[in-house]
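What follows is each chain in one-letter form.
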Amino acid sequence: MGQYYKVIILAEKTDTKEFIRASLDPSCYNNGVKLTEHSYIRNNFVNLIEYLICPLGMFYKSRIVWAGDYAENEPELNKNLYKLSENTGSYNPVLPTNYVEIINKYRYIVNHTKKQYVDKKNKYYHPFPLLTAEGNGAGGGDYYGTNENLVGTWSRDVISVDEEIPENYSELICEFSK
């Protein structure tokens, strides 16, 4: 058995605990729930998440986590984000019919917390789910490969997808390979 993942969109950071704004389950979009079953370019579930964090989406510049059910528990709680999201219900957005066409013009995944970006052109594995994953390495279906040390380094950071690189941001070179 492997580790299952959901996308968690968090509210702004507070000093006490995390607040879940929305959770999305890849199985609701006919995808596998293990990380590498849906973490590739042009995947419909990843496209949907990208739409939600693009300038037209309702979660533009939000804190994102690809939360695994084997990830560590939240401080002072006996549950991790994956399990905490079970009480929130799954968010099922209504998207424009041309959302994939819209997303194709947003080439850059931007981390506003770290002031970095990734160019997703010419990639097989999509960097977005891998960079924001919590719990990788704890189960089957997780990513094991090139640049595995970068998996999760953007988790809980403010992320968006954009057409242009913001000024004074540096490129994170990360090639995840099969």
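None of the values given here were measured: they were computed from a predicted structure.

K.L.:
Residues and numbers for the environment of Arg42, please.
P.N.:
By the secondary structure assignment, Arg42 is in the loop between α1 (35-38) and α2 (44-52). The class for Arg42 is exposed, based on a relative accessible area of 71%. Measuring from C-alpha to C-alpha, the distance between Arg42 and His126 comes to 8.4 Å, with 84 residues separating the pair along the chain.

K.L.:
Can you break down the packing of aromatic side chains residue by residue, with the values?
P.N.:
Going through the model one piece at a time under the given rule, you end up with 9 aromatic pairs. Between Tyr29 and Phe45 the ring centres are 5.7 Å apart and the planes differ by 35°, which places this aromatic pair in the tilted class. Taken together, the residues span a long stretch of sequence, with Tyr29 in the loop between β2 (20-24) and α1 and Phe45 in helix α2 at a distance of 16 residues. Across the pair, Phe45 and Tyr29 agree in class, each one buried. Measuring from ring centre to ring centre gives 5.2 Å for Tyr124 and Tyr125, while their planes differ by 80°; the resulting arrangement is edge-to-face.

K.L.:
Tell me about the pairing of strand β1 (residues 5-10), and please be specific about residues and values.
P.N.:
Side chains on a regular strand alternate between the two faces of the sheet. By the criterion of burial, β1 is predominantly enclosed, with 6 of the 6 residues buried. Here β1 shows a buried face lined by Tyr5, Val7 and Ile9 and a second buried face lined by Lys6, Ile8 and Leu10. As defined by bridge partners, β1 adjoins β2 across 4 bridges and the pair is classed as antiparallel. Bridge pairing links Val7 to Leu24 in β2.

K.L.:
Pulling in residues and values, what's your account of the pattern of salt bridges?
P.N.:
Counted according to the given criterion, the structure contains 8 salt bridges. With a closest N to O distance of 2.7 Å, Arg107 and Asp119 form a salt bridge. Here the residue Arg107 occupies a position in the loop between α4 (99-103) and β4 (108-111), and Asp119 occupies one in strand β5 (residues 116-119), the gap between them amounting to 12 residues. As a salt-bridge pair, Lys114 and Asp157 come within 2.5 Å of each other at their nearest N and O atoms.

K.L.:
Report on unusual backbone geometry, specifying residues and quantitative values.
P.N.:
The backbone of Glu76 sits at a positive phi, close to 65°, despite the residue not being glycine. Tracing the backbone shows Glu76 in the loop between β3 (62-68) and α3 (81-84). Its identity as a non-glycine residue notwithstanding, Arg156 has a phi of 70°, on the positive side. Position of Arg156 relative to the elements: it lies in the loop between β6 (133-134) and β7 (158-162).

The rules behind the values
- Residues numbered from 1 in each chain as written.
- Predicted model: local features only at pLDDT ≥ 70, side-chain atom pairs only at ≥ 80, totals over all residues.
- Heavy atoms only, no water.
- Helix = DSSP H or I, 4+ residues; strand = E, 2+ residues; numbered from the N terminus.
- Buried < 20%, exposed > 50% of the residue type's maximum accessible area, 1.4 Å probe, protein only.
- Phe/Tyr/Trp six-rings, centres within 6.5 Å; stacked < 30°, edge-to-face > 60°.
- Pairing = 2+ DSSP bridges.
- Salt bridge = Lys/Arg side-chain N within 4 Å of Asp/Glu carboxyl O.

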